[in-house]
Amino acid sequence: MNEHAKIDIRHSTCPHDCPSACALDIEVIEGRSIGRVRGSKLQTYTAGVVCAKVARYAERIHHPERLLYPMRRTGPKGSGQFARISWDEALDEIVARFNAAEHEFGAESIWPYYYAGTMGLVMRDGINRLAHVKKYSRFYSTICANIARVGFSVGTGKIAGVDPREMGVSDLVVIWGTNPVNTQVNVMTHAMRARRERGAKIAAIDIYNNDTVKQADVKIVLRPGTDAAFACGVMHVLFREGYADRAYMDCYTDCPDELEAHLASRTPEWASSISGVPVEEIEAFARLVGRTKRSFFRLGYGFTRSRNGAAQMHAALCIPAVTGAWQYEGGGAFFNNAAIWKFNESIIEGHDAIDRTTRWLDQSRIGRILTGDAEALKGGPPVKAMLIQNTNPVTVAPEQTLVREGFAREDLFVAVHEQFMTETAAMADIVLPATMFMEHDDLYYGGGHQHISVGPKLIEPPAECRSNHQVIQALGRRLNAVHPGFEMSPRELIDVTLKKSGHGDIEKLEADLWRDIQPDFRTSHYLDGFAHADKKFHFKADWAHPPFGTAGLGPWDQMPSLPDHWTIIEEADAEHPFRLATSPSRSYLNTSFNETPGSRAREGKPTVMIHPDDAAALSIADGDAVTLGNTRGETTLTAKLFDGLRRGVLIAESIHPNKAHIGGRGINTLTGAETVAPVGGAAFHDNKVWVRKARVSA
């Protein structure tokens, strides 16, 4: 009785957030349960730091409300009335409904739908193998990073940049379009190191005085969707006052003279009138950047949430090319390292079975798709059956009114493989219990750094939980879907993927724990030329032929080729005088931690930040219930008076469950699903709304 529990420290990688993909040291207790989770000091990017929500992961993995058994719906959709069934019954029913839909409406009437609840390649992407082999409707991923990725790649030629650990040796770290205190804590680790060891300055550019801006030395708060105007005003000053590195631009960029002429009319006064940033702040920031050779631009995913986000990312990225910061250690820019992994996922995803004539459907437009919009359906059959893994569209997707209407269809069969009874699972016909990342093997990369790793199975899953791969494997066999990937274990899939990708085998990667594959300094800083055919950084963007993504979507032909403010954003008007952004919170990650007690306690109820002067004009007091609305619908939440944003701007942090909002309609009721140019995307931070005091009490 006096013996202490046996605790082993095992290693893994956090699967919930690709930019961080934190290296973890995990306490495994008696081989059965999880204790404390820490950031590993053995990996140089994580550097021993992990966010609070993952540090508390035992709350999540051992949560008493985890789904444990397959269930069939017994009541109306959304009622939460389910009865336990066996795995064989559940799988047989899914197969029968899929086959019936295919027989009556064709294979494209079935749409496997997933996203990034896990970033592991095997458990995230294996669902595509089922779709490809069976010729079901393919899935076009648009919710997260497309817009920022294309905006970066049209400048550099590929999605890769300076080693992010170089923030630690920078003299100025510019954090723009991301709130890393909330979402990428390791960015702050390295930026703070530069401040501590070198006296570096941290500049933060965002749409409100968030937790990152509060820690910055230089704080720039602008109106949503106006980053490119601010960037142009900064570059105007760089040219005007002699901070532009003309020798660098002559060697490494495509059209510096044309850019300078273009920017002549983009004065700080012009930029201020659009962005709301005072002229003196624009000029002071430009001079700081111009004087500081080692300026590191850490550009984030916030750019991808706006209708003009690609143009904004490109404009911000042009600044270090004007100053020549790329030449110096601790200088240049970084967004994501997608170009360095070179993973060959052909077996995981079944690339050999892809039929390019099979339609792909846009994940962001799920509401329109499920309510029969012919354009969103690409002229094809209605979606009659779905398998959903790793995502919660009934809360997360844009145009929630349409999403909920679509999922309420009695003729739509939905199977959801989940860890908790999310609002999407509650709308399902069949619910399947899923493993968490410590309960299966998977392969990971760090989008925001340079490491790849195997995340091994550490403990057995509870009760009857099965991994994504097990479910896809079982369905594939029952559906007569023939492919080698259905016959492999996760470890075998990892091994063959690594070998096909030139990364050795699984045993070697496991021995390395987290393998650093950062390219050398010259490559990372593009000192031998950028990745375009002409070896130049492109100030002039070719939006018709970007290095990344399926081009030609949305109003791409209206995009400015040179850096400029593109007025495509959903501007406030007389009927909708406010601009709303739904920024990420500190303790939730989309909806992955909505059930965790520590996260729920920290976040509390849904609130919206409103400037005190705007609130006074509407007779709204702190804590009042307020209703926000636009042509897409309405939602009611609690007002939080906050002077750290521009007037006319509203911030609603995080994605709370719809049911947490007064009246049961969540924040994404207000977000649109219009296709964002040039490669598709969702503009979550780009909404015009009206505000009024609600008639109900908070």
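For the structure, check the block above.
Residues numbered from 1 in each chain as written. Predicted model: local features only at pLDDT ≥ 70, side-chain atom pairs only at ≥ 80, totals over all residues. Heavy atoms only, no water.

1. Focus on the overall build of the protein
Quick note on the threshold: A helix here means a DSSP run of H or I that spans at least four residues, while a strand means a run of E at least two residues long, and both kinds are numbered starting from the N terminus. A radius of gyration in this sense is built from C-alpha atoms; the matching globule rule multiplies 2.2 Å by the number of residues raised to 0.38. When accessible area is computed with a 1.4 Å probe and restricted to protein chains, residues below 20% of their type maximum are described as buried, those above 50% as exposed, and intermediate ones as partly exposed. Should any heavy atoms of two residues lie within 4.5 Å, those residues are counted as being in contact. Methods summary: accessible areas were calculated by the Shrake-Rupley approach with a probe of 1.4 Å, and residue burial reflects only the protein chains presented. Neither His nor the chain ends contribute to the count of charged residues, in which Lys and Arg are positive and Asp and Glu negative. A charged residue contributes its charge at one atom only: NZ of Lys, CZ of Arg, CG of Asp or CD of Glu.
For the protein, the count of helices and strands is 25 helices and 25 strands. Taken against the 2.2 N^0.38 rule, which gives 26 Å for 698 residues, the C-alpha radius of gyration of the protein at 25 Å falls within 12% of a compact globule. Taking the principal axes of its C-alpha atoms as reference, the protein extends roughly 75 × 65 × 60 Å. A buried classification covers 64% of the 698 residues belonging to the protein. Pairs at least 24 apart in sequence give 75% of the contacts found in the protein among residues at least 6 apart. Total accessible area computed for the protein in this model is approximately 24,200 Å², and 49% of it derives from carbon and sulfur atoms. Between the mean site of the 78 positive side-chain charges and the mean site of the 84 negative ones, the protein shows a separation of 2 Å.

2. Brief notes about the packing of helix α9 (residues 227-240) against helix α11 (residues 256-263)
What counts here: Every axis in this analysis is a line fitted to C-alpha atoms, fitted for helices over the stretch in contact. Angles between the N-to-C directions lie between 0 and 180 degrees. In this scheme, roughly parallel covers angles under 35 degrees and roughly antiparallel covers those over 145, while 65 to 115 is roughly perpendicular and the rest are oblique. It is the rotation of the near helix from the far one that decides the hand of a crossing: anticlockwise by less than a right angle makes it left-handed, clockwise makes it right-handed. Residue polarity follows a fixed list, in which Ala, Val, Leu, Ile, Met, Phe, Trp, Tyr, Cys and Pro are nonpolar, Asp, Glu, Lys and Arg are charged, and the others, Gly among them, are polar.
With their axes 9 Å apart at the nearest point, α9 and α11 run at an angle of 110 degrees to one another. Classified by the angle their axes make, α9 and α11 are roughly perpendicular. Taken as a pair, α9 and α11 cross one another with a handedness that is left-handed. Mapping the contact onto sequence places C232, M235, H236 and F239 in α9 and P256, L259, E260 and L263 in α11. Its residues placed into classes, the contact of α9 with α11 shows 6 nonpolar, 1 polar and 1 charged.

3. Concerning the packing of aromatic side chains
The cut-off we apply is this: Note on aromatic pairs: the rings of Phe, Tyr and Trp (six-membered ring only in Trp) are paired at centre separations within 6.5 Å, and the planes decide the class, stacked below 30 degrees, edge-to-face beyond 60, tilted for the rest.
Applying the stated rule across the entire model yields 21 aromatic pairs. Plain terms: the ring middles of Y57 and F593 are 6.1 Å apart, the flat faces sit at 80 degrees to each other, and that makes the pair edge-to-face. Of this pair, Y57 sits in helix α2 (residues 57-61) while F593 sits in the loop between β20 (578-581) and α24 (597-603), placing them 536 residues apart in sequence. Among the residues examined, Y57 registers a relative accessible area of 1% and is labelled buried. We classify F593 as buried; its relative accessible area is 0%. With a centroid separation of 6.1 Å and 50 degrees between ring planes, the pair formed by W176 and F303 is classed as tilted. Of this pair, W176 sits in strand β8 (residues 172-176) while F303 is found in the loop between β11 (295-299) and α14 (309-323), placing the two residues 127 residues apart along the sequence. Overall, the relative accessible area of 0% leaves W176 in the buried class. Taking the relative accessible area as the measure of exposure, F303 reaches 1% and is therefore buried. Taken together, the aromatic side chains of W326, Y526, F530, F537 and F539 make up a single cluster linked through ring pairs.

4. Notes on the pairing of strand β3 (residues 33-39)
The condition is simple: We treat two strands as partners when DSSP finds at least two bridges between them.
With 5 bridges connecting them, strand β2 (residues 23-29) and β3 associate as antiparallel partners. Across the sheet, the residue bridging to V28 is I34, located in β3. Where β2 hands over to β3, the hairpin turn is made up of 3 residues, of which E30 adopts a positive phi near 55 degrees.

5. Comments concerning the pattern of salt bridges
Our working rule: Any carboxyl oxygen of Asp or Glu that lies within 4 Å of a side-chain nitrogen of Lys or Arg is treated as forming a salt bridge with it.
All chains considered together, the criterion is met by 48 salt bridges. Residue R193 is joined to E197 by a salt bridge in which the shortest nitrogen-to-oxygen separation is 3.3 Å. Here R193 and its partner E197 are both found in helix α7 (residues 185-198), 4 residues apart, which amounts to about one turn of the helix. Judged by relative accessible area, R193 falls into the partly exposed class, the value being 29%. Given the relative accessible area of 52%, E197 is considered exposed. The partner of R491 in a salt bridge is E510, with the nearest N and O atoms 2.9 Å apart. One end of the pair, R491, is in helix α21 (residues 490-500); the other, E510, is in helix α22 (residues 506-512), and 19 residues separate them in sequence. The partly exposed category is assigned to R491, whose relative accessible area is 30%.

6. Brief notes about the nonpolar core
Basically, it comes down to this: To qualify as a nonpolar core, a set must consist of buried Ala, Val, Leu, Ile, Met, Phe, Trp, Tyr and Cys residues joined through side-chain atoms within 4.5 Å.
The biggest cluster of nonpolar side chains holds 117 residues, and the ones touching the most others in it are W176, F230, I319, V322, W326 and F539. Looking at this core element by element, the count peaks at 10 residues for α14. In terms of nonpolar packing, the next biggest core, distinct from the first, is built from 62 residues, Y114, L130, I388 and F413 among them.

7. Let's talk about the sheet that holds β20
Ordered by their spatial adjacency, 6 strands build a closed barrel running β20-β24-β21-β23-β22-β25, and the pairing between neighbours is mixed. Each neighbouring strand pair of the sheet contributes to a mean axis angle of 45 degrees, computed without reference to strand direction.

8. A few points about the side chain of D686
Stated formally: Pairs of N or O atoms are called polar contacts if they sit within 3.5 Å, as long as, within protein, a hydrogen donor faces a hydrogen acceptor (for residues adjacent in sequence, only side-chain-to-side-chain pairs).
Residue placement: D686 occurs in the loop between β24 (649-651) and β25 (687-693). Classification of D686 as buried rests on a relative accessible area of 0%. For D686, the side chain forms a polar contact with the main-chain nitrogen of E570, separated by 2.9 Å. Beyond its immediate sequence surroundings of up to four residues, D686 is in contact with R305, S306, R307, I569, E570, R579 and L580.

9. Concerning the side chain of R129
Following the sequence through the fold, R129 ends up in helix α4 (residues 121-134). Notably, R129 is buried but unbridged: the nearest opposite-charge side chain belongs to D352, and the N-O separation is 8.5 Å. Setting aside chain neighbours within four positions, we find R129 in contact with I347, I348, E349, G350, H469, I472, H483, G485 and F486.

10. Examining the environment of I26
Note that I26 resides in strand β2. Its relative accessible area of 0% is what places I26 among the buried residues. C-alpha separation for the pair I26 and I388, spaced 362 residues apart in sequence, amounts to 29 Å. Setting aside anything within four residues of it in sequence, one finds I26 in contact with D8, I9, R10, S12, I34, R36, V37, M438 and L458.

Geometric values such as these leave the question of function open.
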